[in-house]
Amino acid sequence: MSAPQGLPRLLAGLDDRGGPVTLAEHERIHGSLPRRPELIELVGASGLRGRGGAGFQTAVKLRGAAREQRPGTLIVNGSETEPASAKDALLLARLPHLVLDGAVAAAQAIGARQIAVVVHAGDGEALSAVRGAIAARGAVGRITVHEAGAGYVAGEESAVAQVVAGELAKPTFLKPRPLERGQRRRPVLVQNAETLAHVALIARYGDAWFRTVGTEADPGSVLVTVSGQVAYPGVYELAFGTPMYDLIEAAGGATDPLQALLVGGYFGTWIASEPGERLRLSRSELESAGCALGSGVLIALGEHACGLHESARLAGWLADQSAGQCGPCVHGLHAIAAGLEALARGEAGERTADRLVRWCDEVEGRGACHHPSGVARFVGSALEVFADEIARHRQGRCGRRMIGLPLGRPATAGPVPTAGAGARQEVRV
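Residues numbered from 1 in each chain as written. Predicted model: local features only at pLDDT ≥ 70, side-chain atom pairs only at ≥ 80, totals over all residues. Heavy atoms only, no water.

Okay, the overall build of the chain next. Looking only at helices and strands, the chain has 16 helices and eleven strands in total. In summary, the chain has a C-alpha radius of gyration of 21 Å against a globular reference of 22 Å for 429 residues, a match within 12%. Here the C-alpha coordinates of the chain stretch approximately 65 × 45 × 40 Å along the principal axes. In the chain, which comprises 429 residues, the share counted as buried stands at 55%. Here the contacts in the chain between residues at least 6 apart in sequence split such that 74% fall between residues at least 24 apart. Of the roughly 17000 Å² of accessible surface on the chain, 50% is carried by carbon and sulfur atoms. Charge centroids of the chain, computed over 44 positive and 44 negative side chains, lie 7 Å from each other. (Helix = DSSP H or I, 4+ residues; strand = E, 2+ residues; numbered from the N terminus. Rg over C-alpha atoms; globule rule 2.2 N^0.38 Å. Buried < 20%, exposed > 50% of the residue type's maximum accessible area, 1.4 Å probe, protein only. Contact = heavy atoms within 4.5 Å. Areas by Shrake-Rupley, 256 points an atom, 1.4 Å probe, with all protein chains shown as cover. Lys, Arg positive; Asp, Glu negative; His and termini not counted. Charge placed at Lys NZ, Arg CZ, Asp CG, Glu CD.)

What follows is the structure in structure tokens.
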């Protein structure tokens, strides 16, 4: 089968009928999955990086698992606990065979005997689609399905591995990591659902094909969930190197002149709209601006929305998402959230913002997991980008409104416009 040109790639075959693409339809679009003994080398040459947040080189993780020389478990992380993201839910609910192909290919490459798929808790549509796809393949028992633990931090790879092992979803960045000592001391490799969908395509079409879109440093395409004040919120597949302005235009353009963008989700960074819209989907450009794509999220904030109130509301929610494992998270985040709320209400003193900056520095990197650092990064960017708004609130003259950014993704979402190859399509996730 000839390799598809341009975009869409991951979203090829998606239409407005709803429901998952069947195995027959999937193989008509992409052909059957070949056995590729050299898959890890292909993935390495492709330059694929993880699409779950950290952006780690996928081939490095695959090689690490293959070196263990003990049959372990490959976990598909589709937990997607980031409320502003819907890309993994879309893939699992509508294109489950593409994700499962990537999981099968990766498991063969590392010698894993078991595959586990972790789905967002309560997402009945994705659960049904994945179970149906497994049954259609005759893989019941060899591929298991699990619901993610509740809460924002339950999507971290160590927490996901604990869910598959039947334990509480408690994240940690302390050693040993799941790959070093997983279930029954066998290695556990956790890979994001979108990452594995890319692996499935690389297994079919190769590394050179993968690099025909994107840039030299950031090859391939990426799924981004665009929301906030845009005409068509949804999941969009774009090539790396695409300017943020074009990404907003793909979502129908802004419905209000923009004042700021939240890049990377709720562990992400606020950036003023003028420099933000000029940035490209490039890891180096985003890093130079102090932000990262993270879980593939872009939220547009219009000039008539109150960024300070929105940030205070999100900070309070994030503080409540603590796993309760350490002081910086349990006590520090609630103090930071309370201070930000006081600023939003115009009830804080002149030194409150400075004190919050100091507290964010103090919790950075000191938690049992990355949660305190993520919240500190988010709050720190809000204090910087909305500094003028803080002054207006202190004077009691904000005059802007709340738009209500989502707190917790619903079990099933309504119609979500999805862009592929420049066309918008109505789909359900």
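Read on for the rest.
Let us now look at the layout of surface pockets. One way to see where empty space is left: roll a probe the size of a water molecule over the atoms. Taken as a whole, the largest pocket spans an internal volume of roughly 1500 Å³. Of all the secondary-structure elements, those providing two or more residues to the lining of the largest pocket are α3 (58–67), α4 (87–94), β4 (188–192) and α15 (371–385). Per-element tally for the lining of the largest pocket: the top contributor is β4, with five residues. Considering only residue class, the lining of the largest pocket consists of 15 nonpolar, 22 polar and twelve charged. (1 Å grid on protein atoms, 1.4 Å probe; cavity = no way out; pocket = protein on both sides within 12 Å on 5 of 7 lines; lining within 4 Å. Points joined across faces, edges and corners; volume = space filled by probe spheres on them. Nonpolar A, V, L, I, M, F, W, Y, C, P; charged D, E, K, R; others polar.)

With that settled, the discussion passes to the side chain of Q229. For Q229, the location among the structural elements is in the loop between β5 (221–228) and β6 (234–239). We classify Q229 as buried; its relative accessible area is 7%.

Moving on, we get to the pattern of salt bridges. Pairs may arise between side chains of opposite charge once their charged atoms sit close together. Applying the stated criterion to the full structure yields 16 salt bridges. Across the pair R278 and E274 runs a salt bridge, and its minimum N-O distance is 3.9 Å. Note that R278 and E274 are positioned in helix α10 (residues 273–278) at a spacing of four residues, about one turn of the helix. For R392, the salt bridge goes to E389, with nearest N and O atoms at 3.6 Å. Taken as a pair, R392 and E389 lie in helix α16 (residues 387–394) at a separation of three residues, close to a single helical turn. E389 matches R392 in its accessibility class, with the two residues each being buried. Linked by salt bridges that have partners in common, R51, K87, D88 and E194 make up one network. (Salt bridge = Lys/Arg side-chain N within 4 Å of Asp/Glu carboxyl O.)

Attention now goes to the sheet that holds strand β2 (residues 114–119). Strand order in the open sheet made by the four strands is β3-β2-β1-β4, with parallel pairing throughout. The outermost strands of the open sheet, each flanked by one partner alone, are β3 (143–147) and β4. Direction aside, the axes of adjacent strands within the sheet are offset by 25° on average. In the sheet, β2 pairs with β3 via five bridges, with the strands oriented parallel. Looking across to β3, one finds that V119 is bridged to E147. The strands touched by helix α5 (residues 96–110) within the sheet are β1 (73–78), β2, β3 and β4, with β1 carrying the most contacts at an inclination of about 150°. Against the sheet, helix α8 (residues 193–210) engages β1 and β4, with an angle of about 90° to β4. (Pairing = 2+ DSSP bridges. Axes fitted to C-alpha atoms, helices over the stretch in contact; angles between N-to-C directions.)

This paragraph deals with empty space enclosed by the protein. In this structure the tally under the stated criterion is one cavity of 30 Å³ or more. Put simply, the largest cavity is a space of about 50 Å³. Considering the residues around the largest cavity, the lining is formed by ten residues, among which A65, G72, T73, I110 and P187 are closest to the centre. Across the lining of the largest cavity, the residue classes break down as seven nonpolar, two polar and one charged.

A few words now on the pairing of β4. Extensive coverage of β4 is indicated by the burial of five of its five residues. Relative to β4, β1 runs parallel, the two sharing five bridges. Considered in β4, the bridge of I75 is made with V190.

Turning to the environment of E362, a few remarks are in order. For E362, the position within the fold is in helix α14 (residues 352–363). Since its relative accessible area comes to 40%, E362 is described here as partly exposed. Considered as a pair, E362 and Y232 are 130 residues apart in the sequence and their alpha carbons are 39 Å apart.

Mapping Q321 onto the fold places it in the loop between α12 (307–320) and α13 (327–345). A relative accessible area of 15% means that Q321 is categorised as buried. Once residues lying within four places of it in the same chain are set aside, the contact partners of Q321 are G151, Y152, V153 and H371.

What describes two packed helices is the angle between their axes and the distance between those same axes. Where α3 meets α5, the axes come as close as 8 Å, and the angle between the chain directions of the two elements is 45°. In terms of orientation, α3 lies oblique with respect to α5. Of the residues in α5, those touching α3 at L62, A65 and A66 are A106, A109 and I110. Looking at the contact of α3 with α5 residue by residue, the class counts come to six nonpolar, no polar and no charged. (Parallel < 35°, antiparallel > 145°, perpendicular 65-115°, else oblique.)

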